[in-house]
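Structure at a glance
Given next are the chains, with one letter for each unit.
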Amino acid sequence: MLKLTGVHQIFEQGTINEKHVLNGIDLDVAENDFITIIGGNGAGKSTLLNAIAGNFIITDGKIEIDGTDVTKMPEYKRAKYIGRVFQDPRMGTATNMTIEENLAIAYRRAKPRTLRWGINEKERRYFKEILAELDLGLENRLKDKTRFLSGGQRQALTLLMASFHQPKLLLLDEHTAALDPKTAAKVLDITVKIVEEHKLTAMMVTHNMRDALRIGNRLIMMNKGNCILNINAEQKKGLDVPDLLNMFEKASGEKMENDRMLLD
């Protein structure tokens, strides 16, 4: 479904600030894979998602989504294949618009354009129905502007919006990192529910090794722009965090020194 071949990304190439962030990444993602991605600071995790989403044109290599070569395709054209949730809860919604207005924009995204803007009762009933499934009380706040929502509520809303039309690929870039532990756990539960119900293919960057082991059917560990571990569902069974740390040390030849990952 997603295929990366020899993907390199070099920022500020040819200058004294040149930085090689992705080093020939080869990756095959099958349909319905739910991949968790972990690694220390500067490992290239977010850069990998940005490359797939088209935030920049990669320095070298090839990216294919569902058999289509998107390597040179700009971000706005790749958007029809990709849903995305960012770390900052403010990035997924228009803060000066209401909950139902944000939902309407996402809901109509793949539909033919018309001059109609008003939200009809059929749409409103549907929005209430799907919001009720989140169990956050948002179904009773359709007229509230999203700037009044908590971070967890915004992320849950963004997840709904990103999955409305079942994108080929859902990218989750540490989307619970800015939330308190209880809210983060709730949003993760909602994430798993949405991915499983819609049978989505998803890639989730996380700093939490326990979550990386618990969620999804594959785990990728990155270090210095390389994928040093690619663990399938069978291999994940029975692994715990110390096992993962030992595997990292063997694969990288160094100790994990990321406090955020070790202490979470």
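Residues numbered from 1 in each chain as written. Predicted model: local features only at pLDDT ≥ 70, side-chain atom pairs only at ≥ 80, totals over all residues. Heavy atoms only, no water.

Some points on the sheet that holds strand β8 (residues 202-205)
Taking strand neighbours across the sheet as the criterion, the 6 strands line up as β6-β7-β8-β3-β9-β10 in an open arrangement whose pairing is mixed. Every interior strand has two partners, whereas the edge strands, β6 (82-85) and β10 (226-231), have only one. This sheet shows a mean twist of 20 degrees between the axes of neighbouring strands, independent of strand direction. Direction of pairing for strand β3 (residues 34-39) relative to β8: parallel, over a ladder of 4 bridges. Its bridge partner being in β8, Phe-34 is matched across the sheet by Ala-202. The sheet strands contacting helix α1 (residues 45-53) are β3, β6, β7 (169-173), β8 and β9 (218-223), and the helix crosses β7 at an angle near 150 degrees. Packing against the sheet, helix α6 (residues 181-198) makes contact with β3, β7 and β8, and its axis sits at approximately 140 degrees to β3. (Pairing = 2+ DSSP bridges. Helix = DSSP H or I, 4+ residues; strand = E, 2+ residues; numbered from the N terminus. Axes fitted to C-alpha atoms, helices over the stretch in contact; angles between N-to-C directions. Contact = heavy atoms within 4.5 Å.)

Examining the packing of aromatic side chains
Counted under the stated rule, the structure contains 7 aromatic pairs. A ring pair is formed by Phe-11 and Phe-56, whose centres lie 5.4 Å apart and whose planes are at 85 degrees; its orientation type is edge-to-face. Separated by 45 residues along the polypeptide, Phe-11 in strand β1 (residues 2-11) and Phe-56 in the loop between α1 and β4 (60-65) bring together distant segments of the chain. Look at Phe-11 and you get partly exposed, because its relative accessible area is 32%. A relative accessible area of 17% places Phe-56 in the buried class. (Phe/Tyr/Trp six-rings, centres within 6.5 Å; stacked < 30°, edge-to-face > 60°. Buried < 20%, exposed > 50% of the residue type's maximum accessible area, 1.4 Å probe, protein only.)

Quick notes on unusual backbone geometry
Positive phi outside glycine occurs at Asn-32, with the angle close to 75 degrees. Counting through the fold element by element, Asn-32 comes out in the loop between β2 (19-29) and β3.

What to know about the pattern of salt bridges
Pairs can form between side chains of opposite charge whenever their charged atoms are close. Inspection of the entire model under this criterion finds 17 salt bridges. For Glu-123, the salt bridge goes to Arg-108, with nearest N and O atoms at 2.7 Å. Placement of the pair is Glu-123 in helix α4 (residues 121-132) and Arg-108 in the loop between α3 (99-107) and α4, with a sequence separation of 15 residues. Accessibility classification places Glu-123 together with Arg-108 in one group, the buried group. One salt bridge connects Glu-133 with Lys-193, and the closest N-O pair in it is separated by 3.7 Å. Of this pair, Glu-133 sits in the loop between α4 and α5 (151-163) while Lys-193 sits in helix α6, and the two are 60 residues apart along the sequence. Assessed through its relative accessible area of 33%, Lys-193 is described here as partly exposed. Shared partners join several salt bridges into a network, and the residues in it are Glu-100, Glu-121, Arg-124 and Lys-143. (Salt bridge = Lys/Arg side-chain N within 4 Å of Asp/Glu carboxyl O.)

Here we look at the packing of α5 against α6
Running from N to C, α5 and α6 point in directions that differ by 10 degrees, and their axes come no closer than 10 Å. Regarding the angle of α5 to α6, the classification is roughly parallel. Across from Gly-152, Gln-155, Ala-156, Leu-159, Leu-160 and Ser-163 in α5, the residues of α6 making contact are Thr-183, Val-187, Ile-190, Thr-191, Ile-194 and His-198. Per-class residue counts for the contact of α5 with α6 are 6 nonpolar, 6 polar and no charged. (Parallel < 35°, antiparallel > 145°, perpendicular 65-115°, else oblique. Nonpolar A, V, L, I, M, F, W, Y, C, P; charged D, E, K, R; others polar.)

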